[in-house]
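# Coordinates in review
One-letter residues, chain by chain:
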Amino acid sequence: MRPSHTSFCLKDLFLSDILKRISEHTMLLSQFRKKLHTAATNYASILRDCVEISNLRKAKTVHAKLIKTSEQETDFRFIHNLLIHAYVKCGDVINGRQVFEKMPDKNVVSWTVLIAGFVRKGFPIETVSLFSDMHRSSIRPNEYTFVSVLQACSFAESLHLICALQIFALIIRLGFEGNVYLVNAFLTILIRHGKLDEAIQVFQGCFNRDIVSWNTIFDGFLKFSCDYIPGFWRKMLSEAIKPDNFTYATVLTGLAELSNLETGLKVHALLVKSGYGAEMCVGNALVDMYLKSQRLNDGFAALAEMPLKDVCSWTQMAAGCLNYRKPVEALRVIGEMRRAGVGPNKFTLATGLNACANMSSLDEGLKVHTLVIKLGDDVDVCVDNALLDMYSKCGCMDAAFRVFGSMSERSVVSWTTMIMGCAQNGRSAEALQIFEDMKKVDGVKPNHITMICVLYACSQGGYIDRGLEYFSSMREEYGVVPEEGHYVCVVNLLGRAGRIKEAEEFILQLPFRPSVAIWQTLLGACRVHGDIETAKRAAEQAVAIDDKDASTYVLLSNTFADVENWSSVGALRQWLDNRDIKKMPGSSWL
């Protein structure tokens with residue numbers, strides 16, 4: 001039976017209706033996809049802005065809108081990745097981790113963004129743990145992932161080096177060992193763990209080194225072995241590598257430690273050509289190199305050429321002047337710094353106080369003390385110790401006691417400074433009482449300098465037996481092994497008391513060959529008590545050790561003069577003139 005015309009028409013109508021519906025659904029689907037794409041584009045743009053300006057509030061607003069929309073609309077992996085990035089860039093790693101955990105489909109970007117965020121926020125242990133989770137998943141890490149996790153290994157002291165070695169082994173296995181950024185990150189880890197030799201081996205095996213690679217090794221040499229810096233500098237130049245500002249700063253700092261002026265001058269010449277001389281860190285390193293190479297004027301010239309100077313620039317210049325025994329110049333530099341509008345820090349103030357102490361200038365010291373008070377909470381025990389030293393050397397022990405009493409923290413230097421200050425200012429009994437008080441303080445033990453000051457106080461105050469008792473108990477009670485300075489103090493202790501013979505016998509029984517200073521101390525005691533014969537023997541011993549030291553001859557000559565033995569004085573001075581031995585002239589701040 002043949003189908004009727006009517007049945008064909010019905011089929012055509014049915015087919016036409018189906019095609020029409022399919023077309024409508026296709027259009028709706030296209031519109032829906034377009035809508036999704038438009039929404040995703042908008043969200044992506046907003047989130048990128050959040051990343052640029054670290055706008056956490058706007059990132060949370062976008063997150064709230066995503067939560068309210070349908071699952072279909074929010075299931076965009078790249079939107080979730082951008083949201084994680086926005087959160088971690090704004091420092092909110094907790095919300096970033098929550099978004100990550102709820103993602104149905106994670107890729108390498110998802111893991112890498114979160115790992116980088118944890119590193120940036122300062123969570124190295126959590127970073128390595130997250131990387132371990134990633135490694136156990138099916139996601140393969142890329143170069144950016146490895147850079148972040150290596151940084152985590154570099155920052156965390158609690159992570160053992162073996163962790164970094166395992167990660168670098170994985171880098172090699174995945175074929176990323178040629179990536180210079182990964183090699184540089186690994187070099188940094190080795191340097192921070194003190195593995196300089198291993199870092200050099202890795203460096204030598206890397207064939208696409210950049211300036212960061214060289215700088216990392218320079219930094220390692222600076223930390224552990226400055227002696228290699230000049231040779232490594234020449235090697236870098238021979239390979240036509242152009243140094244940058246970090247290179248210059250590191251190399252000049254290393255040369256300063258070595259006092260290597262010859263190489264320093266060559267580096268300075270290249271620095272002038274390179275144009276990096278205007279960098280503050282480079283300028284500071286250059287000044288430091290000249291100061292430590294005993295070139296004060298060149299240090300001043302380098303400082304003057306710096307377009308910008310910070311407190312470190314001025315402070316190291318002042319400290320350099322102080323090391324050159326030019327305290328007046330040191331204070332002038334600090335004054336110039338203040339006129340330039342740069343405020344002092346605790347190191348500046350300590351330097352200024354040391355300059356005042358060297359000059360015994362109470363007026364200048366009071367001015368610096370005013371600056372100390374203005375600095376407030378930034379002052380530490382080092383500045384307080386410098387204050388103690390300044391007041392002690394200016395003879396103001398009452399002021400020193402007030403500072404000492406106000407100190408919230410006292411180090412062994414604090415106690416030692418007070419002991420010596422009292423001893424030098426005729427308050428030996430108080431010096432010894434301070435020492436007894438010091439012994440009762442937990443966590444503070446006298447060192448070898450403390451014991452020298454204590455013995456000196458005993459000598460100044462005439463506490464002979466007490467001083468000998470302190471000396472005998474040094475090793476057992478305080479753990480201080482007697483050194484030359486302590487033996488000099490004992491000789492001085494006995495000599496001041498007139499026990500010249502006992503002092504000479506003490507010297508002859510020393511467990512080492514007595515130095516010039518020890519014999520000169522005995523010679524000085526002989527002059528005080530008029531013991532000519534012992535003075536001659538002490539002078540003979542001192543001259544046998546160093547016949548160019550004029551102090552011995554001057555002491556002996558003065559000893560002869562005190563007993564009016566002018567013929568011996570004349571003969572001795574004639575003998576000095578014939579050998580062109582000159583006494584170092586004295587100096588005074590008056």
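Source: prediction; values computed, not measured.

Counting its secondary structure elements, the protein contains 33 helices and zero strands. Taking all 590 residues of the protein together, the buried fraction comes to 45%.

We now examine the environment of N208. Positionally, N208 belongs in the loop between α11 (196-205) and α12 (211-224). In this structure the C-alpha to C-alpha distance between N208 and V180, which are 28 residues apart in sequence, comes to 6.5 Å. Once residues within four sequence positions are removed from consideration, N208 is found in contact with G178 and V180. Within polar-contact distance, the side chain of N208 engages the backbone oxygen of G178 at 2.7 Å.

Moving on: the nonpolar core. In a soluble, globular protein the nonpolar side chains are often hidden away together inside. Membership of the largest hydrophobic core comes to 164 residues, with the highest contact counts inside it found for F146, I167, Y470 and L522. With eight residues, the top contributor of residues to this core is helix α10 (residues 180-192). Beyond its immediate stretch of four places on either side in the chain, F146 contacts F131, P141, I167, L170, I171, L174, F176 and L182.

Let us look at the pattern of salt bridges. Summed over the entire model, instances satisfying the criterion amount to 19 salt bridges. Two residues, D133 and R136, come together in a salt bridge whose shortest N-O distance is 2.4 Å. Remark: R136 and D133 occur in helix α7 (residues 124-136); sequence separation between them is three residues, near one turn of the helix. Judged by relative accessible area, which is 28%, D133 ranks as partly exposed. Taking relative accessible area as the criterion, R136 reaches 63% and is therefore assigned exposed.

The next subject is helix α27 (residues 464-478). The terminal C-alpha atoms of α27, which comprises 15 residues, lie 20 Å apart, in line with the 21 Å expected from a rise of 1.5 Å per residue. Along α27, the sharpest change in direction is near 40° and occurs at S472. Within the span of α27, buried status applies to I464, G467, Y470, F471, S473, M474 and Y478. Its buried side turned inward, α27 meets α25 (428-439), α26 (448-461), α28 (484-496) and α29 (500-508). Immediately downstream of α27, the backbone of G479 shows phi near 70°, a positive value.

Here we take up the packing of helix α13 (residues 229-238) against helix α15 (residues 261-274). Running from N to C, α13 and α15 point in directions that differ by 35°, and their axes come no closer than 11 Å. As α13 runs across α15, the sense of the crossing is left-handed. Residues P230, W233, R234 and L237 of α13 touch α15, and the partners they reach there are T263, V267 and L270. Tallied by class, the residues present in the contact of α13 with α15 amount to five nonpolar, one polar and one charged.

Attention shifts here to helix α22 (residues 381-393). Over its 13 residues, α22 runs 18 Å from end to end, which matches the ideal 18 Å to within 8%, given 1.5 Å per residue. Looking at α22, one finds that the buried residues are V381, V383, D384, N385, A386, L387, L388, D389, M390, Y391 and S392. If you follow the buried residues of α22, they end up packed against α20 (346-359), α21 (362-375), α23 (397-406) and α24 (412-424). Phi turns positive one or two residues past the end of α22, at G395, with a value near 80°.

Once that is clear, we can look at the environment of N260. Along the chain, N260 falls in the loop between α14 (245-258) and α15. Considering only alpha carbons, one finds N260 and P230, 30 residues apart in sequence, at a separation of 8.6 Å. Excluding residues that lie within four positions of it along the chain, N260 makes contacts with P230, L255 and S293. In this structure the side chain of N260 is engaged in a polar contact, spanning 3.0 Å, whose partner is the backbone nitrogen of T263.

Although it is not a glycine, A240 sits at a positive phi angle of roughly 60°. Of note, the phi angle at S259 is positive, near 55°, even though the residue is not glycine. By secondary structure assignment, the location of S259 is in the loop between α14 and α15.

Counted under the stated rule, the structure contains 19 aromatic pairs. Geometrically, the ring pair formed by F471 and Y487 is edge-to-face, given 5.5 Å between the ring centres and 70° between the ring planes. Highlighted residues: F471 in helix α27 and Y487 in helix α28, separated in sequence by 16 residues. Each member of the aromatic cluster is reached from another via a ring pair, and the members are F203, W214, F218, F221, Y228 and F232. The ring of F203 is capped by R209, whose NZ or CZ atom sits 4.3 Å from the centre of that ring.

Attention now moves to the side chain of S392. Looking at the secondary structure, you find S392 in helix α22. Overall, the relative accessible area of 4% leaves S392 in the buried class. Those residues in contact with S392 that sit more than four places away from it in its chain are M397, A400, T417, G421 and N425.

With that settled, the discussion passes to the side chain of T417. By the element assignment, T417 lies in helix α24. The residues contacting T417, other than those within four sequence positions of it, are N385, L388, D389 and S392.

A word on the packing of helix α18 (residues 311-323) against helix α19 (residues 327-339). The interhelical angle for the contact between α18 and α19, taken along N-to-C directions, is 165°, at an axis separation of 7 Å. By the angle between their directions, the pair α18 and α19 is classed as roughly antiparallel. As for the relative orientation of α18 and α19, their crossing is right-handed in sense. Taking contact as the criterion, the partners of V311, W314, M317, A318, C321 and L322 in α18 are, on α19, P327, E329, A330, V333, I334, E336 and M337. For the contact of α18 with α19, the class distribution of residues is eleven nonpolar, no polar and two charged.

Let us now look at the environment of I452. Structurally, the position occupied by I452 is in helix α26. Residue class for I452 comes out partly exposed when judged on its relative accessible area of 24%. Sequence separation of I452 and C489 is 37 residues, and the distance between their C-alpha atoms is 6.9 Å. Beyond its immediate chain neighbours, meaning those up to four positions away, I452 contacts G485, H486 and C489.

In regions of low pLDDT, the predicted coordinates are not meant to be interpreted in detail. Chain-level statistics for the protein give a pLDDT mean of 84 and a share of 82% at 70 or above. Contacts for the low-pLDDT stretch residues 24-40, under 50 throughout, to residues beyond four places or in other chains number seven contacts. The low-confidence segment residues 70-75, where pLDDT is below 50, has eight contacts with residues more than four positions distant or belonging to other chains.

Rules used in this analysis
Residues numbered from 1 in each chain as written. Predicted model: local features only at pLDDT ≥ 70, side-chain atom pairs only at ≥ 80, totals over all residues. Heavy atoms only, no water. Helix = DSSP H or I, 4+ residues; strand = E, 2+ residues; numbered from the N terminus. Buried < 20%, exposed > 50% of the residue type's maximum accessible area, 1.4 Å probe, protein only. Contact = heavy atoms within 4.5 Å. Polar contact = N/O pair within 3.5 Å; in protein donor to acceptor, adjacent residues only side chain to side chain. Core = buried A, V, L, I, M, F, W, Y, C linked by side-chain atoms within 4.5 Å. Salt bridge = Lys/Arg side-chain N within 4 Å of Asp/Glu carboxyl O. Expected span 1.5 Å × (residues − 1). Bend = angle between axes of the 7 residues up to and from the residue. Axes fitted to C-alpha atoms, helices over the stretch in contact; angles between N-to-C directions. Left-handed = near helix turned anticlockwise from the far one by under 90°. Nonpolar A, V, L, I, M, F, W, Y, C, P; charged D, E, K, R; others polar. Phe/Tyr/Trp six-rings, centres within 6.5 Å; stacked < 30°, edge-to-face > 60°. Lys NZ or Arg CZ within 6 Å of the ring centre and 35° of its normal. Parallel < 35°, antiparallel > 145°, perpendicular 65-115°, else oblique. pLDDT = per-residue confidence, 0-100.

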